[in-house]
Amino acid sequence: MTLATDPPVTEPSATGPSATGPSATGPSATGGAPVTNFDAPVIAGGRSRTRVVVGHLTLALLGLACVFPIYWLYATSLRRPGDIYELSPLPWPLSLDSYRTAFDEVDVARLLLNTTVVATLTALGQLLTSLLAAYAFAAWSFPGKRLLYLAFVASWLVPFQVSMLPNYVLLHQLGLLNTLSGVIIPNVVSGLGVLLLRQHLDSFPKELLEAARMDGRSSWSTLWTVVVPNLRAALAALGILLLVNAWNEYFWPAMVLQRDNSVLQLGIRSFMSATEGNDWGPLTATAGLACLPIFVIYLVLQRHVVSGFVRSGLR
Amino acid sequence: MKRPFARRSFSLVALSAATALSVLAACGSPGGGDEDTSSKATAKIPELGKDQKVSIVFESYNFGQAGPWTDTFNELIGKFEKAHPNIDVTPQKPQGSSPNPATDTVSSLQSQIAAGSPPDVVQLGFSDLDFSIHSLKVKPLDDLVGKDAVQANFDGAKHPFAPTARTLANWDGKTYGVPFVFSTPVLYYNASIFAEAGLDPAKPPKTWDEAQQYARTIVDKTNRDGLYLDCLTKIAKDWCFQSLVRSNGGRVVSENRSTLTYAQPPAVEVLQKAQGWVKDGLTPVLGQKQAYESFARGDIGMFLETSAIQGTFVKGSKGKWDLKAAEMPSFGSKPTVPTNSGASLFILSDDPAKQRAGWELIKFLTSEDAYKTISTKIGYLPLRTGLVDDPNGLADWAKANPLVVPNIAQLARMEPWVSIPGVNYIQVRDGMMDAVEKIVYQGADPQSTLTAALKQGAALLPKA
C-alpha cells in the first residue's frame with residue numbers, strides 16, 4: 001500500500017514546472033541537444049517523468065507478480081476436475097466441482113471452526129502475555145531484567161525445531177497429544193510479541209505512568225486504563241500479525257495432531273499424497289477458503305490500525 | 001560502561017549454553033532402543049484370551065490423505081474390529097510437516113520412541129529396512145509367532161504371495177515384516193501421442209535405444225516431450241535407479257552391502273544415456289511432480305513410474321488421451337531387473353498382548369479379502385497375484401484394468417530394493433541421488449561426480 005503511493009506523491013513537485021514546454025518529451029527525443037543545451041528543469045522533469053513511468057511499471061509488474069499466484073489458486077479451484085492440468089490463464093467453463101469434492105472428503109466447516117478457535121486463542125494468549133511482560137519491562141526496573149529480556153529475545157531467535165522434541169515429550173507427559181489444547185498451550189507466549197510491545201512501551205511517556213501512580217492507581221489499573229487504550233494501534237497491528245501466524249501454523253499441528261487432520265492447514269495437506277500425487281482441485285479449493293477469513297479479518301483490523309495511527313498523529 | 005557489558009556477555013554465554021544443552025538433549029534421545037528388548041522377544045507370544053481387551057495404535061502414511069486411501073483403510077480397520085471385537089485399533093499418520101508423509105515415517109517413530117509412546121504396528125519403506133531392524137528395533141515375526149505361522153500367512157487360504165514378494169522384509173533368514181503395498185517400475189505411455197507421431201501404439205519400446213528413437217520421433221513430429229524417468233532425482237529416492245543400474249548389470253551397493261558401487265561403469269552408462277536424453281531435448285528438465293503432472297496433462301510421450309501414481313495418470317487422461325502401460329525397457333539384450341518401491345508392515349510393540357493383536361491386524365490387512373478391497377478401491381497391485389485369475393477374486397477387475405498386467409509380469413523376476421546400511425543411510429542415499437540429479441539434469445560429468453559422491457558416502461557407512 002505505502003509502496004504504491006510513494007511515486008505519485010513526488011510527481012507534482014518534480015514534473016510541475018516541466019510540463020509547460022514540448023521539450024518535456026525526454027532527453028532522447030531531442031537528439032544530441034540535451035547534452036550541450038543544458039536546461040535543468042526540463043531535463044529534470046523529463047527524467048522524473050520517465051522515472052515515474054518506469055517506477056509505476058515496475059510496481060505494477062511487481063504487484064501482478066504478487067497477485068498472480070493467488071489468482072492462479074482460485075483459477076485452479078474453479079476449473080473442471082478434468083481441466084486441472086490445463087495451463088490456460090482463464091478457467092473456462094467454470095465449475096464448483098473441486099469445492100464439492102473438498103467438502104465431501106474433508107469436513108471443511110469443522111476445520112474452519114477448529115482453526116478459528118486455535119488461532120484466536122493462541123493470538124489472544126500471546127497478546128495478553130506479551131502485554132504483561134512488556135509492561136513489566138517498561139514500567140519497573142528489577143534485578144535480572146536484562147537477562148530476562150534476553151531470554152525472551154533468545155526464545156524468539158532459537159528456531160522452533162530446536163525445542164520441538166522437549167515440547168513434544170512434555171505434551172506427551174501431560175496427555176495433551178492429539179488435542180487442540182496441545183496445539184495452543186505451548187504457543188501462548190510469543191518472544192516476538194514481547195519484543196515488539198516492549199519497543200512500543202519504552203516510548204510510552206513515563207510522565208503518564210507517574211501521573212497515574214500519583215493518582216493512586218495500582219499498576220494493574222494503570223495498565224488497563226492508561227496504557228492499553230493508548231496502545232490500541234500497536235495491539236491491533238501485533239494482533240493481526242500473531243493471528244495470521246497462528247492461522248498459518250502448520251509445523252506444530254502436524255507434530256501434535258497425528259490422528260486427525262483437525263485444522264485447515266492439515267486438511268489442505270491431506271490432498272497432497274505420498275502415493276497418488278496431489279489432488280490439486282480440492283487442494284486449491286480448501287486453500288482458497290482458508291485464505292478468506294484471514295483476509296476479511298485483516299481488512300477489518302487494518303482500519304483500526306490506520307485510524308489508530310491517524311488519531312495519535314492529530315493529538 | 002564496563003559492568004553492563006560484562007553482564008550482557010555473561011547472560012549471552014548462559015543463554016547459548018542453555019540452548020546448546022537443549023539441542024544436545026533433543027539430539028541424544030531419539031532412536032535409543034535398548035538391547036534387551038530383542039532378546040526378550042524370542043519366546044512365542046501367547047494367543048489372546050477371548051475376553052482380553054487390547055488396544056493398539058497403527059501408524060501408516062496412508063492415513064491423513066483425504067479421499068480413497070483413508071476411506072479404504074478406515075473401512076478395512078472397521079471390518080477388522082468387527083471380526084476381532086476385543087481388539088481396538090487407533091490409526092494415525094506419521095507426525096511431521098513434509099508434504100509427502102511417507103518421508104516422515106522414520107523421524108516420526110524416533111520422536112515417539114523418545115517420548116516413550118511408539119505405535120504398535122507401523123508401515124515402513126524398504127529403504128528403511130536396515131535401520132528399522134537395527135535401530136528402531138522392529139520385532140522379528142518369526143520369533144513372535146513362529147516361522148510356520150508367518151509362512152502360513154504368506155501361503156494364504158488359496159492365493160499365496162508372489163514368491164519374490166515374500167522375502168522382501170527378511171534379514172539374516174528371519175522375517176521381520178510383511179510386504180504390504182509396492183510397485184515395480186512401469187513404462188506408462190501416451191498412445192494418442194504415439195499415434196500422432198506415426199508410432200504403433202500397440203508396440204511400446206522394448207529397449208532404451210528403441211525408447212530413445214521413439215522419443216526422437218515424438219519430439220520431432222508432435223512437439224511434445226519424449227520421455228521421462230521418475231528415477232533420477234533425489235526426491236524419487238533410489239528404488240528405481242537401483243533397478244536401472246541392475247538392469248545394466250551393476251549395483252549401487254555391493255551384494256554383501258559392505259561397499260558402495262555406484263561409480264562403476266554400469267551406473268555411469270545409465271547416467272550418460274539419461275544425460276544425453278536431456279541434452280538432446282528428449283527428456284524435459286522437470287521436477288518429479290511437475291513431470292507427472294505434465295504427463296497427466298498429455299505433454300510427455302513415455303514415463304517410467306511406480307503404479308502408485310497411476311491414479312493421477314488415469315484421472316488426467318480420462319476422455320482426453322489414451323493411457324497404456326508396458327514393462328520397463330531393457331539395456332540392449334540384458335534382462336531387466338525390476339525392483340520394488342513401497343512398504344511393509346512391522347510390529348514395534350514390546351507388549352506380548354499388543355504384539356499378538358498387531359499380528360492379527362497384519363494378517364488381516366494382507367489377506368485376500370483386504371487385497372481385493374485395496375485393488376478395487378485404490379488400484380494397487382495385489383501381492384497375492386493369483387487373485388487376478390480367480391473369477392471370485394479380481395479377474396473382472398484385472399480385465400477392466402489392463403494397466404496392471406506389466407506390473408504383475410515384472411513381479412515374477414523382481415529383486416529387492418536394497419536398503420543402504422548404517423544410521424546415515426538417508427544421507428548416503430541422498431548424496432548418491434543428488435549426484436544423479438546433477439549429472440542428468442544439470443549436465444555434470446558422470447564419472448567424476450559419482451566418484452566424488454561415493455567418496456563422501458563411503459565415509460558415512462558403518463565401519464566393518
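Per-chain numbering applies: the sequence of each chain, read as written, is numbered from 1 onward. To label them, take the chains in the order written and letter them from A, then take the ligands in the order written and number them from 1. Totals for whole chains, interfaces and linings use all residues, but because this is a predicted model, local features are given only for residues with pLDDT of at least 70 and pairs of side-chain atoms are given and counted only at 80 or more.

Asker: Just checking my understanding: could you explain the overall build of chain A for this structure?
Answerer: Check the secondary structure of chain A and you find 15 helices and zero strands. Every one of the 315 residues in chain A was classed for burial, and the buried ones make up 30%. The contact rule is simple: place each C-beta atom from the backbone, and if two of them lie within 7 Å, those residues are in contact. Taking as baseline every contact in chain A between residues at least 6 positions apart, the subset at least 24 positions apart corresponds to 70%. Only DSSP runs of H or I with at least four residues qualify as helices, and only runs of E with at least two residues qualify as strands; both kinds are numbered from the N terminus onward. Exposed residues have 12 or fewer other C-beta atoms within 10 Å of their own C-beta, buried residues have 20 or more, and residues in between are partly exposed; the C-beta atoms are placed from the backbone.

Asker: Any chance you could explain the environment of Val253 of chain B here in plain terms?
Answerer: Residue and element names in this part refer to chain B. Assignment of secondary structure puts Val253 in the loop between helix H11 (239–247) and helix H12 (265–279). Remark: the alpha-carbon pair of Val253 and Pro421, spanning 168 residues in sequence, is separated by 9.4 Å. Residues contacting Val253, with those up to four places away along its chain left out, are Leu260, Thr261, Val418 and Ile420.

Asker: Help me out: how do you make sense of the domain arrangement of chain B in this one?
Answerer: Where the parts come together, the accessible area they lose is often given as the size of the interface. Residues and elements named next belong to chain B. Taken domain by domain, chain B consists of domain 1 (44–182 + 341–410) and domain 2 (186–337 + 420–460). Boundary definitions for the domains trace back to an automatic or database domain assignment. Here the C-alpha centre of domain 2 lies 29 Å away from the C-alpha centre of domain 1. Listed as interface residues are 12 residues of domain 1 and, on the opposing side, 15 residues of domain 2. Among the secondary structure elements, those contributing two or more residues to the side of domain 1 that touches domain 2 are helix H5 (129–134) and helix H18 (405–411). If you tally residues by element for the side of domain 1 that touches domain 2, the top one is H18, at four residues. In terms of residue class, the side of domain 1 that touches domain 2 is made up of five nonpolar, six polar and one charged. Each residue gets one of three labels, nonpolar for Ala, Val, Leu, Ile, Met, Phe, Trp, Tyr, Cys and Pro, charged for Asp, Glu, Lys and Arg, and polar for the others, Gly among them.

Asker: What am I meant to see in the domain arrangement of chain A here?
Answerer: Residues and elements named next belong to chain A. When its domains are assigned, chain A resolves into domain 1 (2–14 + 39–99) and domain 2 (105–314). Tallying the contact residues gives nine residues for domain 1 and seven residues for domain 2. Among the elements of the structure, helix H3 (40–77) and helix H4 (97–105) are those that each provide at least two residues to the side of domain 1 that touches domain 2. Per-element tally for the side of domain 1 that touches domain 2: the top contributor is H3, with four residues. Residues that form the side of domain 1 that touches domain 2 fall into these classes: five nonpolar, three polar and one charged.

Asker: What is the right way to read the interface of chain A and chain B from this model?
Answerer: Opposite the 35 residues of chain A that make contact, chain B presents 44 residues. When contributions to the side of chain A that touches chain B are tallied by element, the ones reaching two or more residues are helix H6 (145–157), helix H7 (160–174) and helix H13 (251–256) of chain A. The element best represented in the side of chain A that touches chain B is H7 of chain A, accounting for seven residues. In terms of residue class, the side of chain A that touches chain B is made up of 19 nonpolar, 10 polar and six charged.

Asker: Help me out: how do you make sense of the nonpolar core in this one?
Answerer: By convention in this section, buried Ala, Val, Leu, Ile, Met, Phe, Trp, Tyr and Cys residues joined through C-beta atoms within 7 Å make up a nonpolar core. Counting residues in each nonpolar core, the largest one holds 180 residues, and the members touching the most others are Ile56, Ala215, Phe241, Tyr262, Ala267 and Val436 of chain B. Counting residues per element, this core draws most heavily on helix H5 (residues 108–139) of chain A, at 10 residues. Ignoring anything within four residues of it in the chain, the contact list for Ile56 of chain B reads Ile87, Val89, Asp120, Val121, Lys354, Ala357, Gly358 and Leu361 of chain B.

Asker: Is there a simple way to think about the packing of H12 of chain B against helix H20 (residues 446–460) of chain B in this case?
Answerer: The packing of two helices is summarised by the inter-axis angle and the distance between the axes. All names here are of chain B. Here H12 crosses H20 at 130°, and the two axes come no closer than 9 Å. The pairing of H12 with H20 is recorded here as oblique in orientation. As for the relative orientation of H12 and H20, their crossing is right-handed in sense. Residues Ala267, Val268, Leu271, Gln272 and Gln275 of H12 form the contact with H20, whose own contacting residues are Pro446, Gln447 and Leu450. In terms of residue class, the contact of H12 with H20 is made up of five nonpolar, three polar and no charged. Angles run from 0 to 180 degrees between N-to-C directions of axes, and those axes are lines fitted to C-alpha atoms, restricted for helices to the stretch in contact. Working definition: roughly parallel below 35 degrees, roughly antiparallel above 145 degrees, roughly perpendicular at 65 to 115 degrees, and oblique for all remaining angles. Here a crossing is taken to be left-handed if its near helix is turned anticlockwise relative to the far helix by less than a right angle, and right-handed if that turn runs clockwise.

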